[in-house]
Amino acid sequence: MPKHSNEYISHGDLQDLTGLPKRVNLGDAKKRISGQVSAGKAHIEGDMELGKKCVTALRSSGEFKRATQGFHSYPARLHPEAARLLLEALPGKTLADPFCGGGTLLVEALIAGRQVFGSDLNPVATLVSTARTALLSQEQLTRLSKELDDIHQIAAQAMDDKRHVYLHPAILKYKSWYKTNCFDELACLHDAIRNYESELKPLMQAIFSSLVVKYSLRASDTSNKVVYIPRKNGAVLRAFKEKSKEYTAQLAELQTLVPPGTAPAMITLADARHPNFDNVDTIITSPPYPGTYDYLPLQQLRQAWFNLDMREKEEIGSRRAFKQVKAAYEAWLKDTDNWIQASANALVKGGHLAIVVGEGMQAGKLLRVAKPTIQAAEKAKLSFVTSASVERFDPATKMKKIEYILVFSKP
Ligand SMILES: C[S@@+](CC[C@H](N)C(=O)[O-])C[C@H]1O[C@@H](n2cnc3c(N)ncnc32)[C@H](O)[C@@H]1O
């Protein structure tokens with residue numbers, strides 16, 4: 001996009017804009033519990049041996065910072081050790097995750113030497129997954145470090161005269177979510193990346209994206225509480241530099257862990273009901289738990305910085321839809337039927353589908369997930385293999401919820 005494009009406006013003209021909102025509602029948010037809250041009683045039905053492995057996966061907890069797994073937050077992330085254990089329990093050559101989120105499974109599958117296919121409806125998910133699974137040569141890694149240094153330098157220089165820094169108007173609505181110095185530094189970084197010619201640009205954008213919420217007044221990715229953390233001038237630029245170093249080191253580690261000859265991950269923006277992959281032997285995935293998160297609106301700040309197109313109407317199981325509990329639960333059941341049928345179609349004979357899913361909660365009532373998921377798999381002519389579950393205590397509602405791993409095979 002050239003600097004003079006009509007769509008973009010100069011940072012130098014920002015003072016002239018009036019009527020910016022003081023507060024912007026970023027939508028309801030609630031933390032989903034997974035991995036962090038210790039698991040209670042377990043239950044297995046079907047294949048005991050596989051079921052026990054799934055229970056161990058569900059009980060995964062604690063820090064796990066292998067390779068790029070620590071790079072960039074993503075709501076409701078699967079525990080990386082759970083991903084690793086599930087891949088070990090379901091061996092194969094290929095792995096697809098149609099709700100790939102931040103790409104936890106994709107990273108572990110690359111390390112296991114699988115051919116990897118990941119997709120998600122959320123462009124932030126595909127950006128993060130792309131960055132976390134990047135397979136680069138030594139030459140590309142060295143170039144990435146150099147180009148990130150360039151970006152830092154260009155942005156630092158732009159801070160002295162911001163008239164030539166251009167922003168998409170979409171972000172102006174959210175300017176009040178930033179302290180001025182943080183906003184300005186982010187704007188200079190964003191513009192420097194936007195104008196930089198490089199095949200590695202998506203990786204630079206992902207680093208930028210990792211700072212967008214942290215240096216706003218928003219408490220976290222999943223909380224819209226306002227927090228005032230003092231940020232000195234230069235804090236964002238310094239964070240970009242540190243994050244760049246950390247990320248390139250994580251990428252270097254990833255290259256050493258992925259077996260030589262492993263194909264690069266194919267990551268696409270797609271609705272799980274219409275996946276872009278076919279003929280895979282294993283699908284492991286974690287669809288949205290009903291009524292738990294608004295995955296797309298939660299990314300409003302990133303959506304605005306990158307002017308992303310969010311297909312919010314296609315989001316499955318969103319929390320906002322559950323304001324009408326009965327209709328939303330019925331829609332979730334139908335969507336579950338549809339994405340499971342599409343996944344079943346994409347499996348080879350003898351292939352496996354493993355689903356990590358937990359109960360939702362609305363108006364003090366649990367939204368059951370196991371039975372309808374098993375029924376959807378039956379309708380798609382998949383055979384039931386095992387159901388493993390653990391109870392988790394939800395501190396927010398003070399109730400127990402059950403989280404499952406359900407495994408099916410294609411006869
Ligand atoms: C539980 S999260 C997946 C988290 C992922 N396993 C990880 O470790 O980061 C569910 C994902 O489903 C995505 N999603 C919601 N509706 C979708 C749809 N119709 N098609 C594909 N993805 C969708 C959300 O954007 C979110 O990333």
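Quick caveat: nothing in here was measured; it's all calculated off a predicted structure. (Residues numbered from 1 in each chain as written. Predicted model: local features only at pLDDT ≥ 70, side-chain atom pairs only at ≥ 80, totals over all residues. Heavy atoms only, no water.)

Enquirer: Can you help me understand empty space enclosed by the protein in this one?
Expert: Summed over all chains, the structure comprises five cavities of 30 Å³ or more. Its volume calculated, the largest cavity comes out at about 370 Å³. Around the largest cavity, the lining is made up of 29 residues, and of these Phe99, Cys100, Gly101, Asp120 and Ser286 lie nearest the centre. Per-class residue counts for the lining of the largest cavity are 16 nonpolar, six polar and seven charged. (1 Å grid on protein atoms, 1.4 Å probe; cavity = no way out; pocket = protein on both sides within 12 Å on 5 of 7 lines; lining within 4 Å. Points joined across faces, edges and corners; volume = space filled by probe spheres on them. Nonpolar A, V, L, I, M, F, W, Y, C, P; charged D, E, K, R; others polar.)

Enquirer: Just checking my understanding: could you explain the domain arrangement of the protein for this structure?
Expert: Domain parsing of the protein yields domain 1 (9–26 + 136–257) and domain 2 (39–135 + 263–296 + 314–409). Between domain 1 and domain 2, the C-alpha centre-to-centre distance is 31 Å. Taken together, the contact between domain 1 and domain 2 spans 20 residues of the former and 19 residues of the latter. Area buried by domain 1 at its contact with domain 2 is led by Gln250, Leu254 and Leu257, which between them contribute 32% of it. Counting the contacts that link domain 1 with domain 2 gives zero salt bridges. Counting across the domain 1 and domain 2 interface gives five residue pairs in polar contact (both at pLDDT 80 or more). Secondary-structure elements contributing two or more residues to the side of domain 1 that touches domain 2 are α7 (201–212) and α8 (235–257). Partitioned by chemical class, the residues of the side of domain 1 that touches domain 2 number nine nonpolar, eight polar and three charged. (Domains from an automatic or database assignment. Contact = heavy atoms within 4.5 Å. Buried area = accessible area lost by both parts, 1.4 Å probe. Salt bridge = Lys/Arg side-chain N within 4 Å of Asp/Glu carboxyl O. Polar contact = N/O pair within 3.5 Å; in protein donor to acceptor, adjacent residues only side chain to side chain. Helix = DSSP H or I, 4+ residues; strand = E, 2+ residues; numbered from the N terminus.)

Enquirer: Sorry if this is basic, but what is going on with the site of the ligand here?
Expert: Of all residues adjacent to the ligand, which total 25 residues, the nearest are Tyr74, Leu78, Thr104, Asp120 and Ala272. One nitrogen or oxygen atom from the main chain of alanine 272 is found 2.9 Å from a nitrogen atom belonging to the ligand. When isolated, the ligand has an accessible area of 600 Å², and the protein chains bury 100% of it. Given that more than half its atoms are within 2 Å of the pocket grid, the ligand belongs to the largest cavity. In the shell around the ligand, the residues fall into 13 nonpolar, five polar and seven charged. (Near = heavy atom within 4 Å. Areas by Shrake-Rupley, 256 points an atom, 1.4 Å probe, with all protein chains shown as cover. Sits in = over half its atoms within 2 Å of the grid points.)

Enquirer: Would you mind showing me how to read the packing of aromatic side chains here?
Expert: Two aromatic rings are characterised by how far apart their centres lie and by the angle between their planes. In the structure shown here, the tally under the stated rule is eleven aromatic pairs. Aromatic pair tyrosine 178 and phenylalanine 183: ring centres 5.9 Å apart, planes at 55°, arrangement tilted. Classification of tyrosine 178 by relative accessible area gives buried; the value is 6%. With relative accessibility at 0%, the residue phenylalanine 183 sits in the buried group. By the ring-pair criterion, three or more aromatic residues cluster together here, those being Tyr178, Phe183, Phe208, Trp305 and Phe306. (Phe/Tyr/Trp six-rings, centres within 6.5 Å; stacked < 30°, edge-to-face > 60°. Buried < 20%, exposed > 50% of the residue type's maximum accessible area, 1.4 Å probe, protein only.)

Enquirer: When you look at the pattern of salt bridges in this model, what are you seeing that I'm missing?
Expert: Charged atoms that come close allow side chains of opposite charge to pair. All told, the structure shown has 22 salt bridges when counted by the stated rule. Across the pair arginine 163 and aspartate 161 runs a salt bridge whose closest N-O atoms are separated by 2.9 Å. The exposure class assigned to aspartate 161 is partly exposed, which follows from its relative accessible area of 30%. In the salt-bridge network here, residues are joined through shared partners; they are Glu81, Arg84 and Glu88.

Enquirer: Which parts of the structure should I look at to understand the environment of aspartate 221?
Expert: Considering the arrangement of structural elements, one finds aspartate 221 in the loop between β6 (218–220) and β7 (223–226). Classification of aspartate 221 by relative accessible area gives buried; the value is 11%. Along the chain, aspartate 221 and glutamine 299 lie 78 residues apart, while their C-alpha atoms are 7.5 Å from each other. Those residues in contact with aspartate 221 that lie beyond four places of it in its chain are Ser73, Tyr74, Pro75, Val213, Leu298, Gln299 and Arg302.

Enquirer: How should I be thinking about the environment of leucine 87 in this particular structure?
Expert: Tracing the backbone shows leucine 87 in helix α2 (residues 80–89). The spacing of leucine 87 and threonine 56 is 31 residues in sequence and 13 Å in space, taken between C-alpha atoms. The residues contacting leucine 87, other than those within four sequence positions of it, are Leu95, Leu105, Glu108, Ala109, Arg114 and Ile284.

Enquirer: When you look at the packing of helix α6 (residues 180–194) against α7 in this model, what are you seeing that I'm missing?
Expert: Relative orientation and spacing of two packed helices are given, respectively, by the angle between their axes and the distance between those axes. The interhelical angle for the contact between α6 and α7, taken along N-to-C directions, is 170°, at an axis separation of 10 Å. What the angle tells us is that α6 and α7 run roughly antiparallel. Between α6 and α7, the residues in contact are Leu186, Leu189, His190, Ile193 and Arg194 and Lys201, Met204, Gln205, Phe208 and Leu211, respectively. By residue class, the composition of the contact of α6 with α7 is six nonpolar, two polar and two charged. (Axes fitted to C-alpha atoms, helices over the stretch in contact; angles between N-to-C directions. Parallel < 35°, antiparallel > 145°, perpendicular 65-115°, else oblique.)

Enquirer: How should α2 be read in this particular structure?
Expert: In an α-helix, one full turn covers 3.6 residues, which means residues spaced three or four apart are oriented alike. Along α2, seven of the ten residues are buried, which leaves the element largely enclosed by surrounding structure. Every buried residue belonging to α2 is among Pro80, Ala82, Ala83, Leu85, Leu86, Leu87 and Ala89, and all of these are buried.

Enquirer: What's the story with unusual backbone geometry in this structure? I'm lost.
Expert: A negative phi angle is the norm for most residues apart from glycine, just as the trans form is the norm for most peptide bonds. Even without glycine at this site, asparagine 279 takes up a positive phi of about 55°. Mapped onto the elements, asparagine 279 comes out in the loop between β8 (266–269) and β9 (280–285). Of the residues examined, asparagine 279 reaches a relative accessible area of 55% and is grouped as exposed. If you check the backbone angles, asparagine 307 has positive phi at about 50° while not being a glycine. By the secondary structure assignment, asparagine 307 is in the loop between α9 (300–306) and α10 (325–346). By relative accessible area, asparagine 307 is classed as partly exposed at 35%.

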